[in-house]
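# Remarks on the overall topology
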Amino acid sequence: MKKITTTEALADFCKEAAKRPYVTVDTEFLRERTYYSKLCLVQLAYQDENGEDAVLVDPLADGLSLEPLYDLYRDVGVVKVFHAARQDLEIFFVDAGVIPEPLFDTQVAAMVCGFGEQVGYETLVRKIAKADLDKSSRFTDWSRRPLTDAQAKYALADVTHLRDIYEFLSAQLDKSGRKKWVAEEMAVLEDPATYQADPDDAWKRVKTRTQSGRFLAIVRELARFRETYAQERNIPRSRVFKDDALVELASTKPQNEQDLGRSRLLLREARKGDIAQGILKSVKDGLDVKPEDMPVVENPRAKLQVNPALADMLRVLLKAKTDQEGVAQKLIATSADLDALAGGQRNVPALKGWRREVFGHDALRMCDGLVGLAVKGQKVVTVTL
């Protein structure tokens, strides 16, 4: 079991890895007490004529730089293989602004190959690598040193079995001609915008029942303040104030610290000091927003004249096509996509790229009446199928 604790050793490993067609990668991190994930371990492995070389890289070791790894990520001659890569990639993008290229996500590939919706790594290990994982170290504190043997074994399994999974799925994709499907899906993971949390958009994640422009304006200002405050101090949003407290503040519109003291949901630490002042300023700014600048919650479905019978037919079609092709429904279309199609919209993901080949053509035929679907009141008549 090889552990890397120096930049020189990491550079040597990455130099050898750069000679291989692919390298498998995983990370262990903590995020409970921070806004950004704290990287605690990087696992790497490649296969050569002498067998497999797998290592544990300790980013917490004094003086270790991950720049050799980032150079490997920039090497387009080596495929970087992850499973459920999004959180791993966010760590590297935040740390160094780098996204591995080319990228292969075995979770996405497994959905394309018929393993179901968001299939887990453990399932793929069992079905493809014919092995079982020791899950006892899954929720341990990866920042503590030294690592136990159990932790190291668990961490290495995340990249050693990944080799078998990648080779199996890659062969399946070659056989089916679906590699371009996975490549299209990778575009989202390779887009830097995927990992950029804009404080101006933070309000859109807050669930509210009120659609009032003034209320939403206050929500927007409070969410912007919270996001900025949490980012600057690298603390979780919930340490500033939680969503339920944010909604309460937007409703009660506190004017001073005495008003904040009456909140049922606000943390005690947030009723004074910098957070309290930020809350009060945000509320005031929200109240001062001009009517024309107030945010609006868009509800595309409400604007659509959705034909419920057609939407149901599209759901049946989607299931039939995905069962036939052996691909996860989620990759093709969501319920919102189907409603949009049934409401006359055509700028939906299900009609683009490889999805159009699998589902889009038949969906368009159905929507445009070429299947002969007629709707009379509440009665659906299928003329020809």
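Structure: above.
Residue numbering note: each chain is counted from 1, following its sequence as written. Given that the model is predicted, a residue must reach a pLDDT of at least 70 before its local features are reported, and side-chain atom pairs must reach 80 or more before they are shown or counted; all residues, however, enter totals for whole chains, interfaces and linings. Here the side-chain values reflect all heavy atoms present in the structure, with hydrogen atoms and water set aside.

## Comments concerning the nonpolar core
In this structure, Leu 44, Val 57, Leu 69, Phe 92, Leu 314, Leu 341 and Phe 359 are the most contacted members of the largest nonpolar core, which totals 84 residues. Listed in part, the 28 residues of the second largest apolar core include Leu 222, Phe 225, Phe 241 and Ala 245. Here, the term nonpolar core denotes a set of buried Ala, Val, Leu, Ile, Met, Phe, Trp, Tyr and Cys residues that are joined through side-chain atoms within 4.5 Å. For every residue, the accessible area (1.4 Å probe, protein chains only) is compared with the maximum for its type, and the residue is labelled buried under 20%, exposed over 50%, or partly exposed between those bounds.

## What to know about the pattern of salt bridges
By salt bridge we mean one thing: a side-chain nitrogen of Lys or Arg within 4 Å of a carboxyl oxygen of Asp or Glu. Following the criterion strictly, the structure yields 30 salt bridges and no others. Residue Arg 355 pairs with Glu 185 through a salt bridge whose shortest N-O separation is 2.6 Å. With Arg 355 in helix α17 (residues 353-367) and Glu 185 in helix α7 (residues 179-189), this pair connects stretches of sequence that are 170 residues apart. Here Arg 237 makes a salt bridge to Glu 227, at a shortest N to O gap of 2.7 Å. Only DSSP runs of H or I with at least four residues qualify as helices, and only runs of E with at least two residues qualify as strands; both kinds are numbered from the N terminus onward.

## Digging into helix α16 (residues 335-342)
Taking burial as the measure, the 8 residues of α16 include 6 buried ones, the bulk of the element. All of the buried residues along α16 are Asp 337, Leu 338, Asp 339, Ala 340, Leu 341 and Ala 342. Within two residues after α16, Gly 344 carries a phi angle of roughly 100°, on the positive side.

## Focus on α7
Within α7, the full set of buried residues consists of Trp 181, Val 182, Glu 185, Met 186 and Leu 189. Viewed end-on, α7 has its buried residues packed into an arc of 140°, placing them on one side of the element. Summarising the geometry, the arc corresponds to the directions from the helix axis toward the C-beta atoms.

## Comments concerning the pairing of strand β3 (residues 38-48)
Most of β3 is tucked away, with 9 of its 11 residues classed as buried. A pair of strands is considered paired only if DSSP assigns at least 2 bridges between the two. In this sheet, β3 lies alongside strand β2 (residues 22-30) in antiparallel orientation, the contact comprising 7 bridges. Bridge assignment links Thr 24 to a residue of β3, and that residue is Ala 45.

## Quick look at the environment of Trp 142
Structurally, the position occupied by Trp 142 is in the loop between α5 (121-129) and α6 (149-176). Residue Trp 142 is classed as buried on the basis of its relative accessible area of 2%. Separated by 113 residues in the primary sequence, Trp 142 and Phe 29 place their C-alpha atoms 6.5 Å from one another. Throughout, a residue-residue contact means that at least one pair of heavy atoms, one from each residue, lies within 4.5 Å. Leave out the neighbours within four places in its chain, and Trp 142 touches Glu 28, Leu 30, Cys 40, Leu 41, Ser 137, Leu 147, Gln 151, Tyr 154 and Ala 155.

## Description of the packing of aromatic side chains
Ring pairs shown here join Phe, Tyr and Trp side chains whose ring centres sit within 6.5 Å, with only the six-membered ring taken for Trp; geometry is labelled stacked below 30 degrees between planes, edge-to-face above 60, and tilted in between. For the coordinates displayed, the defined rule picks out 14 aromatic pairs. Summarising the aromatic geometry, the rings of Trp 181 and Trp 354 are spaced 4.4 Å apart at their centres and angled 15° between planes, so their arrangement reads as stacked. Of this pair, Trp 181 sits in helix α7 while Trp 354 sits in helix α17; the two residues are 173 residues apart in sequence, bridging distant segments of the chain. Taken as a pair, Trp 181 and Trp 354 share a single burial class, namely buried. Taken together, the ring pairs connect Tyr 70, Tyr 73, Phe 82 and Phe 92 into an aromatic cluster.

## A word on the pairing of strand β5 (residues 79-82)
Pairing of β2 with β5, which is carried by 3 bridges, proceeds in the parallel orientation. Counted as the bridge partner of Tyr 22 is Val 79 from β5. When β5 meets strand β6 (residues 103-105), the two strands line up parallel, connected through 3 bridges. Paired with Lys 80 across the two strands is Leu 103, which belongs to β6.

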